[in-house]
Amino acid sequence: MEKWAAEHDIEYIDGAIMTVPPMIGSDEALIFYGGQQAIFEKLEPILKLLGGNTVYLSPDPGVPMLYDLALLTMLYGVQQSWLHAHAMVSTAGISSKEFQPFVEEWFKNVILPGYSTSEAGLMLDEANYKTEVSNLHTNMLALEHIIKASKELSIPTDWMTPLKSSYDHLVAKGYGTDSPERAFELMKNHKKNSYV
């Protein structure tokens, strides 16, 4: 689209809407933009009417869609694991309402602190996967137990299999004492590290 626009002497930026329709126009509505920065700056006052949390990312107009898909990946990963967890406890007659308070605590005290800080991103940038707690070996065994129990409860585990395979591979390569985030290296270099 950018190439076509340039060939027709049209100014072009692209974006990705990261909010639900009822939030459009609110101060909280997040919309990513990419393309020529001068065009974005010229249009920014108008764009902020669509979403107050308007963010320019890159001169590459494809970057907003990349952010969009990356963030959606996290959403679907959380959604799948949340559904799986509720399915597991439901086999013991435990209602979702009964279980959900512990889910909230788990998110607040374990998941969010581990993955929503600048330090978490820095760990990936620096490829520093050393840890004193919850290493790959421990998590490999935990996944093994989850998969075994889920199968016994007739809950599908196909979404966990690639994760377990990557942990097994990394432990076999001698990274058992590193954090599970070392799997990022396998994802970045998948063609070189085919293990599934």
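Residues numbered from 1 in each chain as written. Predicted model: local features only at pLDDT ≥ 70, side-chain atom pairs only at ≥ 80, totals over all residues. Heavy atoms only, no water.

Caption draft 1: Quick look at the pattern of salt bridges. Taken as a whole and assessed by the stated rule, the structure comprises 9 salt bridges. Its salt-bridge partner being Arg182, residue Asp178 comes within 2.5 Å of it at the nearest N-O pair. Given a relative accessible area of 2%, Asp178 falls into the buried group. For Arg182, a relative accessible area of 15% translates into the label buried. In this structure, a network of salt bridges that share partners links the residues Lys130, Asp178 and Arg182. (Salt bridge = Lys/Arg side-chain N within 4 Å of Asp/Glu carboxyl O. Buried < 20%, exposed > 50% of the residue type's maximum accessible area, 1.4 Å probe, protein only.)

Caption draft 2: Just the packing of helix α6 (residues 136-152) against helix α7 (residues 161-172), in detail. At a minimum axis separation of 9 Å, α6 and α7 run at an interaxial angle of 145°. Seen along the crossing, α6 lies across α7 with a hand that is left-handed. Here Leu136, His137, Asn139, Met140, Leu143, Glu144 and Ile147 of α6 come into contact with α7, specifically with Leu163, Lys164, Tyr167, Asp168, Leu170 and Val171. For the contact of α6 with α7, the per-class residue count stands at 8 nonpolar, 2 polar and 3 charged. (Axes fitted to C-alpha atoms, helices over the stretch in contact; angles between N-to-C directions. Helix = DSSP H or I, 4+ residues; strand = E, 2+ residues; numbered from the N terminus. Left-handed = near helix turned anticlockwise from the far one by under 90°. Contact = heavy atoms within 4.5 Å. Nonpolar A, V, L, I, M, F, W, Y, C, P; charged D, E, K, R; others polar.)

Caption draft 3: Examining the environment of Ala29 more closely. Locating Ala29 in the fold gives a position in the loop between β1 (13-17) and β2 (30-35). Between the alpha carbons of Ala29 and Thr54 there is a distance of 7.6 Å; along the sequence they are 25 residues apart. In this structure Ala29 touches Thr19, Met23, Ile24, Leu50, Gly51, Gly52, Asn53 and Thr54, once residues within four positions along its chain are discounted.

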